[in-house]
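# Structural overview for review
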Amino acid sequence: MTKKPMTDSSNHLDKIKKSLSRRNRAEKRFRWYGRMAVFVGLAAVMVLFTDIISKGHGAFRITYVELQVTYDQDMIGVENLTDPAQLALGDWEALSKAALRNEFGDVSGRRDKRKLYGLISSGAGYDLKDRLLANPLLLGETENVWILADDDIDTYYKSWLDGEPYAARMSAKQIQWIDELHAQGKIRLQFNSNLFTRGDSREPEQAGIRGAVMGSLLVLILTLMLSFPIGVSAAIYLEEFAPRNRWTDFIEVNINNLAAVPSIIFGLLGLAIFINFFHVPRSVPIVGGLVLTLMTLPTIIITSRAAIKSVPPSIREAAMGMGASKSQVVLHHVLPLSLPGMLTGAIIGMAQALGESAPLLMIGMVAFIVDIPAGFSDPATVLPVQIFLWADSPERAFIEKTSAAIMVLLSFLIVMNTVAVWLRKRLERRW
Amino acid sequence: MQATNILILILGLGAFAFFLGRGRSLALAKPLGGIRKLHSLPSYYGLHAALWCALPSLVLLFLWIMFDDPLINSIVIESVAADIAPTDTASYNLLINKIANLADGILPRKGESAALIAAADHMSSLRVISRWALTALLLTISLLGLLWGWSRISASFRARPVVEKVMQNILLACACLAIFTTLGIVLSVMFESIQFFRSVPIFDFVFGLEWSPQTAIREDQVGSSGSFGAVPLFVGTLLVSAVAMFVAVPVGLMSAIYLAEYASKSVRTYAKPALEILAGIPTVVYGFFAALTVAPFLRDLGASFGLSVSSESALAAGGVMGVMIIPFISSLADDVITAVPQSMRDGSLAMGATQSETVRRVIIPAALPGIVGGVMLAISRAIGETMIVVMAAGMAAKLTANPLESVTTVTVQIVTLLTGDQEFDSPKTLAAFALGLMLFTVTLLLNIFALHIVKKYREQYD
Amino acid sequence: MTQAAPVTKKKPVSKTTPKPMQNLEITDHQATVGKCFADNAKMTMRNVNVFYDDKQAIHDVSIDIAKNEVIAMIGPSGCGKSTFLRSLNRMNDTVDICRVEGQICMDGEDLYSPKLDVVELRARVGMVFQKPNPFPKSIYENVAYGPKIHGLADTRVDLDEIVENSLRKASLWEEVKERLHQAGTGLSGGQQQRLCIARAIAVSPEVILMDEPCSALDPIATARIEELIEELSQNFTIAIVTHSMQQAARVSHRTAYFHLGRLIEVNPTEQVFTMPEHQLTEAYITGRFG
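Procedures and definitions
Residues numbered from 1 in each chain as written. Chains lettered and ligands numbered in written order. Predicted model: local features only at pLDDT ≥ 70, side-chain atom pairs only at ≥ 80, totals over all residues. Heavy atoms only, no water. Domains from an automatic or database assignment. Pairing = 2+ DSSP bridges. Helix = DSSP H or I, 4+ residues; strand = E, 2+ residues; numbered from the N terminus. Contact = heavy atoms within 4.5 Å. Axes fitted to C-alpha atoms, helices over the stretch in contact; angles between N-to-C directions. Expected span 1.5 Å × (residues − 1). Buried < 20%, exposed > 50% of the residue type's maximum accessible area, 1.4 Å probe, protein only. Arc of directions from axis to C-beta. Polar contact = N/O pair within 3.5 Å; in protein donor to acceptor, adjacent residues only side chain to side chain. Salt bridge = Lys/Arg side-chain N within 4 Å of Asp/Glu carboxyl O. Core = buried A, V, L, I, M, F, W, Y, C linked by side-chain atoms within 4.5 Å. Phe/Tyr/Trp six-rings, centres within 6.5 Å; stacked < 30°, edge-to-face > 60°. Lys NZ or Arg CZ within 6 Å of the ring centre and 35° of its normal. Buried area = accessible area lost by both parts, 1.4 Å probe. Nonpolar A, V, L, I, M, F, W, Y, C, P; charged D, E, K, R; others polar.

## Brief notes about the domain arrangement of chain B
Note on interface size: it is often stated as the accessible area lost on association of the parts. Domain parsing of chain B yields domain 1 (3-157) and domain 2 (227-461). A C-alpha centroid distance of 48 Å is found between domain 1 of chain B and domain 2 of chain B.

Spelled out as structure tokens, the structure:
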């Protein structure tokens, strides 16, 4: 073995010293890339939230116009306020139209009249009807009522208040009328309670998310009721009872893969199996719940297994040593100790289900549904799908509504995740 | 009787059986000298009786509910008058719906034909018979089970092992649901796809260059068959996914590296969950953001540079999808990076490597399998992502690699083909399932491969 | 525990043999006995205190390491000898909560001065760890790693030469020359550790720190590493932490005994193992605790 002389140490040191500034620059650059990456991610969160809030905050208030309404029996054409058939046929819009003519007496010509009637929501007549039915003594009387404005007026008035009037869908006459109303204090923004109390509507000013929220609730209840017990059972089996064999491996591979299967595939499954094979009706929370159950099961199984795994074996050994059977060990010790982790997993799974929309499009929960669902077999839609539907609508006012619905959806999700985090912090045991 | 009522009845009977069984075992134990003379605890005898009482009935109830509607429907259709008898699947579904609605009283009976009314009455009576038959059957089975379970109770009867065995099998059944789900997906998608490939050759579908699934309303119209060449969809999907990966991989990876290797503990505790927020935002929100904010912004930006950017550009959809995938990649990468043993870092730093040299030359190469696995999972996610592209990407299939143009994707087409009213057996609808089959196959292969890599990687450092 | 004494405080270090103490307790004013200082010092440490958060791991240690000597650091586990070793090339920087006070100099240059580049320092003070930690790369790449990052080789031939030389010096060349491009992790434990030594000497450091380099190895591999240390001491200054007294006795010129974060005694190895000055040292080498 021949030893070649080593390169001189001081020569090495010179080279190292020379390389230092270049390498330190590279180091700084790299660190800066990292900071930028984190910043980009955080900025995306900020931009997203700012964008949604700036678009949607306006939707919580809506424009009302004050008009003098006379509940003229002849005009409505209803004789008996207790007869539903008559009520259904009554010309309720005549009330609001008359009130408008009364306010702006000088309007003539079909076009101008249409513009005039366009000032208030086309559903205003029905609101007046509800008002009258709630208080039948009003019949024949005259009162000042704040009436919901049309969505175009709402959009214009809000943007005008903000100093950047958006008048694309407004005629000059209408702008003039709004100015007059504003000067007299007869137009104002009020809390938009319709948003929370009504179902969907083609008219943006009438549309609300109540139906979608109820639909989401029903679907989630069903999903939770099915997926939590099944998921926990599966997790217990796999962690505590399953023999180490190919069948178990196969189940595990299946679960892990299902967790990564695109959600839309679950929609196809629901469509083909539940709707076309078992003839479950479309659009009902039952199908939605079933599909989302299958979709969230892998998540719940995986988190539950992690929770069971975190229970140290010593606990099991201690109970076994007392002569407890395997089932008793699981039921008395493992399950109570891993329950917080499982609950956290269930909440996260539910949050995932709450935000999911693609598979529900497949099973018809995308239908236009005005009525608020009351049971598992009523046609319904869910909040994310409502957002999708509104986002697709051409009316400008729906942008605001969509953003508001998103804000509601996100607040639900934030609450759920906060509870999950809190639960984990609160109940988590360190071994 | 309503199914829910029957369910409650069975459960009530089960509870009754539990107390009966428990009581009998206690009564048996008393003369023998206390419950320690019994083989099992009294509650196990109770559970044994309850299982015998409720379990068979529940299974039967489940099966009955699954199959009675289709059965009743077919009986009704069999017996329906010839003049309204359905000719194909579409009219079959229509008719069934109508009869069912009439039977439920949802549609007013006024003005409907006598044949329909008769069918509806037939359906109602069949339903009533079915429910009562079910109730009677279930009650009999439950009581017999109760009797059997009760009669077997004796001091030497080994109730606990039996109950535990049954419980364990129930757990096994729950675990097997995952397999049935996969099987269900494969079967449903395969079955419809095979039907599709009967009318459109599989070769034309996989390699065809033109996609226009619009089938004509009238049979005699031109182009009524539509064309189902899926290549433009595959290309569009790849383009959008590529844009997404172009955003997500560098940002996700670099932020994982920064948070794992550089950031102080306090930055890490706040920045990590803040990034994870992106993962919790529903995709429909991203879709809205892409369609209404990012796409117009990019279009205007392009216009100011004299570029024509489509308002449904692949760039907008892909970019926003990338943002969605950032936390996915960063948390997976974070896992694998922190799994690299500290001794590797020490070894490199002790040689005088800077931190970035350590990361680039030691940690990343060591973590590469895990990172590759994570990126593959992310690709599978991008390919299968639906809402963002449905809302922000185009509908028209275009064969292009230019991210500024509008493309459509596999998932967009599945949604477009399956929402809206159409008959179920048309090639147009079936095509959605063929696309679903493609999507499932590709993502499944990616997932299996990626999960395998990640698992192997984890084992290496465990 | 509160803040330690300020660095500036000069502590008398006795060079004479004190009277053996009657008990084995350590007081706060414990002074190191023996020959702490050297005339041809390569590294000088004065009043070094190391803290993990509030917990003090090293109390007021002053010692020199002479050129081309092998100094062994022994002591019961948890005595701080590894912590002390790691502060000599600032590997403790990687631990967020770790703080070093006092003065550590090499060739008169303060290692903790803000002007000093830690990269350069670590190139000059190499380190070999307790568990062999070859990078998951080929044998060749493992050894070439240092020269590559420091830009020591201008050509491929230079690099090959450095790799061969280093492997030869680590007496690993003959065993691996046929499979230089296979994974370093495929070697046996002893070979891996020699690979790590080869990796460390590939950048021609002036000092090599070894943190229990044989604790994960079998006796035969240990013997080879010890031979190697002997050979390396001709060219390098070596500080070795070991829990094996026999190893310290076999390889080192001087031995430092640490106890509960304090440096108790430094003396020529022979003396430490035949007639220790301090009762604690004696208690340790006679196996009364360990």
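## Brief notes about the sheet that holds strand β3 (residues 55-66) of chain C
Residue and element names in this part refer to chain C. Strand order across the open sheet formed by four strands is β3-β2-β5-β6, with antiparallel pairing between neighbours. Edge strands, defined here as strands with exactly one partner in the open sheet, are β3 and β6 (109-110). Of the pairings in the sheet, the one linking strand β2 (residues 41-52) to strand β5 (residues 98-106) comprises eight bridges and is antiparallel in character. Bridge pairing in β5 places Val50 opposite Val100. The strands touched by helix α1 (residues 81-88) are β2, β3 and β5; relative to β2, the strand with the most contacts, the crossing angle is about 120°.

## Side note on helix α8 (residues 265-280) of chain B
Residue and element names in this part refer to chain B. With 16 residues, α8 ought to run about 22 Å at 1.5 Å a step, and its terminal C-alpha atoms sit 23 Å apart, in line with that. The set of residues buried in α8 consists of Ala271, Leu275 and Leu278. Along α8, the residues classed as buried sweep out an arc of 35° about the axis, all on the same side. Of the residues in α8, the exposed ones pointing more than 90 degrees away from the buried face are Lys265 and Tyr270.

## So, the side chain of Ser138(C)
Residues and elements named next belong to chain C. Summarising the element assignment, Ser138 is placed in the loop between β7 (125-128) and α3 (139-150). Owing to a relative accessible area of 12%, Ser138 belongs among the buried residues under this scheme. There is a polar contact of 3.1 Å between the side chain of Ser138 and the backbone nitrogen of Glu141. Leave out the neighbours within four places in its chain, and Ser138 touches Leu180, His181, Gln182, Ala183 and Gly184.

## Some details on the environment of Leu172(C)
Residue and element names in this part refer to chain C. Tracing the backbone shows Leu172 in the loop between α4 (156-169) and α5 (173-176). Given a relative accessible area of 0%, Leu172 falls into the buried group. When the C-alpha positions of Leu172 and Leu195 are compared, they lie 7.1 Å apart, and in sequence the two are 23 residues distant.

## Quick look at the pattern of salt bridges
Following the criterion strictly, the structure yields 44 salt bridges over all chains and no others. A salt bridge links Asp346(B) to Arg86(C), with the nearest nitrogen and oxygen atoms 3.8 Å apart. Here Asp346(B), found in helix α11 (residues 342-350), pairs with Arg86(C), found in helix α1, and the two come from separate chains. When its relative accessible area of 8% is taken as the criterion, Asp346(B) is described as buried.

## Overview of the pairing of strand β4 (residues 70-74) of chain C
Residues and elements named next belong to chain C. With five of five residues buried, β4 lies mostly within the body of the structure. Burial of the side chains of β4 extends over both faces: Val70, Ala72 and Ile74 are buried on one face and Ile71 and Met73 on the other. Note that β4 and strand β9 (residues 237-241) share four bridges and pair parallel. Paired with Ile71 across the two strands is Ala239, which belongs to β9. As paired elements, β4 and strand β10 (residues 254-259) share four bridges and run parallel to each other. Paired with Ile74 across the two strands is Tyr257, which belongs to β10.

## What to know about the nonpolar core
Among the nonpolar cores identified, the biggest contains 240 residues, and Phe205(B), Ile414(B) and Leu167(C) are the most heavily contacted of them. The contact partners of Ile414(B), leaving out residues within four places of it in the chain, are Ile264(A), Leu268(A), Met362(A), Ala432(B), Leu435(B), Gly436(B) and Leu439(B). With 35 residues, the next largest nonpolar core counts Val61(C), Ile65(C), Phe129(C) and Val241(C) among its residues.

## Observations concerning the packing of aromatic side chains
Scanning the entire structure with this criterion turns up 21 aromatic pairs over all chains. A centroid spacing of 5.6 Å and a plane angle of 40° characterise the contact between Phe104(A) and Trp177(A), whose relative ring orientation is tilted. On the criterion of sequence distance, the pair formed by Phe104(A) in the loop between α4 (93-103) and α5 (110-117) and Trp177(A) in helix α8 (residues 172-183) is long-range, its members being 73 residues apart. Note on accessibility: Phe104(A) and Trp177(A) belong to one class, buried. The structure contains a cluster of three or more aromatic residues connected by ring pairs, namely Phe196(B), Phe197(B), Phe205(B), Trp211(B) and Phe228(B). When the ring centre of Phe328(B) is taken as origin, the NZ or CZ atom of Arg381(B), which lies over that ring, is 4.8 Å away. Over the ring of Phe135(C) we find Arg199(C), and its NZ or CZ is 4.2 Å from the ring centre.

## Remarks on the domain arrangement of chain A
Residue and element names in this part refer to chain A. Assigned domains of chain A: these are domain 1 (59-192) and domain 2 (210-427). Each of domain 1 and domain 2 has a C-alpha centre, and these two points are 45 Å apart. Counting from both sides, the interface comprises nine residues of domain 1 and, opposite them, seven residues of domain 2. Surface buried jointly by domain 1 and domain 2 totals about 690 Å² across both partners, of which 66% is contributed by carbon and sulfur atoms. Area buried by domain 1 at its contact with domain 2 is led by Ala59, Phe60 and Tyr166, which between them contribute 55% of it. Glu400 is the salt-bridge partner of Lys158, the closest N and O atoms lying 2.8 Å from each other. If you look at where domain 1 meets domain 2, you find one residue pair in polar contact (both at pLDDT 80 or more). Per-element accounting of the side of domain 1 that touches domain 2 gives the leading share, four residues, to helix α7 (residues 151-161). When grouped by side-chain class, the residues that make up the side of domain 1 that touches domain 2 number four nonpolar, two polar and three charged.

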